[in-house]
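# Structural features, examined
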Amino acid sequence: MQRMTALFSAVLLAAGLMTVQAHAQQDPAQDPAGQPQAQAPAQDFSDDQLQQFADASQEIAVISQEYTERLHAAEDEQTQQEVRMEANDRMVEVVEQNGLDVDTFNAIGHAIQQDPELMQRVQQMAEQS
């Protein structure tokens, strides 16, 4: 169980990285603060999407650990930013390879933070993978 908690902590950290990167790439003329972020209710996620999230999460946890170590070893801000961007690119790639888009992945990540029962379902899916 502790492994799964660590896994989802890493995933939520990774989701946060992807969210930050996505917002940083938005057109500056748009005001994201003025628009409420769309969040899908948990019941809108299919079992397939939850399984895809669980599968992607496991891969992202490994990437997150690898890049966290590289980030700590980086000697300057420029190198740290390059490591973050590379990690973000790899995580986005994993999410997409597992059949999700980043927005859906982030929405599921947010939903499991708010819904302990949903988190338990996703954890069980991850354990069975």
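Residues numbered from 1 in each chain as written. Predicted model: local features only at pLDDT ≥ 70, side-chain atom pairs only at ≥ 80, totals over all residues. Heavy atoms only, no water.

## Considering the overall build of the protein
Short version of the rule: A helix here means a DSSP run of H or I that spans at least four residues, while a strand means a run of E at least two residues long, and both kinds are numbered starting from the N terminus. Burial status follows relative accessibility: with a 1.4 Å probe on protein chains alone, a residue under 20% of its type maximum counts as buried, one over 50% as exposed, and anything between as partly exposed. Whether two residues are in contact is decided by their heavy atoms: any pair within 4.5 Å suffices. Residue exposure ignores everything except the shown protein chains as possible cover, and the areas themselves are Shrake-Rupley values with a 1.4 Å probe.
A count of helical and extended segments in the protein gives five helices and zero strands. Ordered by position in the sequence, the α and β elements of the protein form the string α-α-α-α-α. Residues counted as buried form 35% of the 129 residues belonging to the protein. Put simply, of all contacts in the protein between residues at least 6 apart along the chain, 81% involve residues at least 24 apart. Accessible surface for the protein amounts to roughly 8000 Å². Of this, 47% is attributable to carbon and sulfur atoms.

## Observations regarding the pattern of salt bridges
Here is the rule: Any Lys or Arg side-chain nitrogen located within 4 Å of an Asp or Glu carboxyl oxygen qualifies as a salt bridge.
If you walk through the whole model with that rule in mind, you get four salt bridges. Put simply, arginine 90 and glutamate 66 hold a salt bridge, and the shortest N to O gap is 3.3 Å. Separated by 24 residues along the polypeptide, arginine 90 in helix 3 (residues 77-97) and glutamate 66 in helix 2 (residues 47-73) bring together distant segments of the chain. Classification of glutamate 66 as partly exposed rests on a relative accessible area of 31%. Across the salt bridge formed by glutamate 86 and arginine 70, the nearest N and O atoms sit 3.1 Å from each other.

## Some points on the confidence of the model for the protein
In regions of low pLDDT, the predicted coordinates are not meant to be interpreted in detail. Note the following rule: Along the chain, pLDDT gives the predictor's confidence residue by residue, from 0 to 100.
Across the protein, the average pLDDT comes to 77, with 67% of residues at 70 or higher. Predicted confidence for residues 1-5 stays below pLDDT 50, and this span has five contacts to residues more than four positions away or in other chains.

## As for the side chain of serine 57
Note the cut-off: Under this definition, polar contacts are N or O atom pairs within 3.5 Å; protein pairs additionally need one hydrogen-donor-capable and one acceptor-capable atom, and for neighbouring residues in sequence, both atoms have to be side-chain atoms.
Among the secondary structure elements, serine 57 is positioned in helix 2. Using a relative accessible area of 0% as the deciding quantity, one classes serine 57 as buried. Within the local environment of serine 57, its side chain forms a polar contact with the backbone oxygen of phenylalanine 53, the two atoms lying 2.6 Å apart.

## A look at the nonpolar core
Note the cut-off: To form a nonpolar core, buried Ala, Val, Leu, Ile, Met, Phe, Trp, Tyr and Cys residues must be joined to one another through side-chain atoms within 4.5 Å.
Among the nonpolar cores identified, the biggest contains 23 residues, and Leu50, Phe53, Phe105 and Ile108 are the most heavily contacted of them. Contributing elements (two or more residues each) for this core: helix 2, helix 3, helix 4 (102-114) and helix 5 (116-128). The element best represented in this core is helix 2, accounting for seven residues. Excluding residues that lie within four positions of it along the chain, isoleucine 108 makes contacts with Phe45, Gln49, Leu50, Phe53 and Leu100.

## Quick notes on a negative patch on the surface
Selection rule: Only residues whose relative accessible area exceeds 30% and that take part in no salt bridge are eligible for patches, with like-charged residues grouped when within 9 Å of each other and nonpolar side chains (Val, Leu, Ile, Met, Phe, Trp, Tyr) grouped when within 5 Å. Counting rule applied: Lys, Arg positive; Asp, Glu negative; His and chain ends not counted. All charge positions are set by atom: Lys at NZ, Arg at CZ, Asp at CG, Glu at CD.
A cluster of acidic side chains, namely Asp89, Glu93, Glu96, Asp101 and Asp103, defines a negative patch on the protein surface. Take the negative patch: its biggest share by element is three residues, from helix 3. On the secondary structure map, aspartate 103 appears in helix 4.

## With respect to helix 3
The criterion, for reference: An expected span of 1.5 Å times one less than the residue number is assigned to each helix. Starting at the helix axis, one direction is taken to each C-beta atom, and the arc is that of these directions.
Its 21 residues give helix 3 an end-to-end C-alpha distance of 30 Å, which sits within 8% of 30 Å, the value for a rise of 1.5 Å per residue. Three or more residues of helix 3 are buried, namely Val83, Ala87, Asn88, Met91, Val92, Val94 and Val95. The buried residues of helix 3 all sit within an arc of 165° when viewed along its axis, so they share a single face. In helix 3, those exposed residues whose orientation departs by more than 90 degrees from the buried face are Gln78, Asp89 and Gln97. For helix 3, the capping residue at the N-terminal end is aspartate 76, with a side-chain oxygen 3.3 Å from the backbone nitrogen of glutamine 78. Glycine 99 sits one or two positions beyond helix 3 and adopts a positive phi of about 90°.

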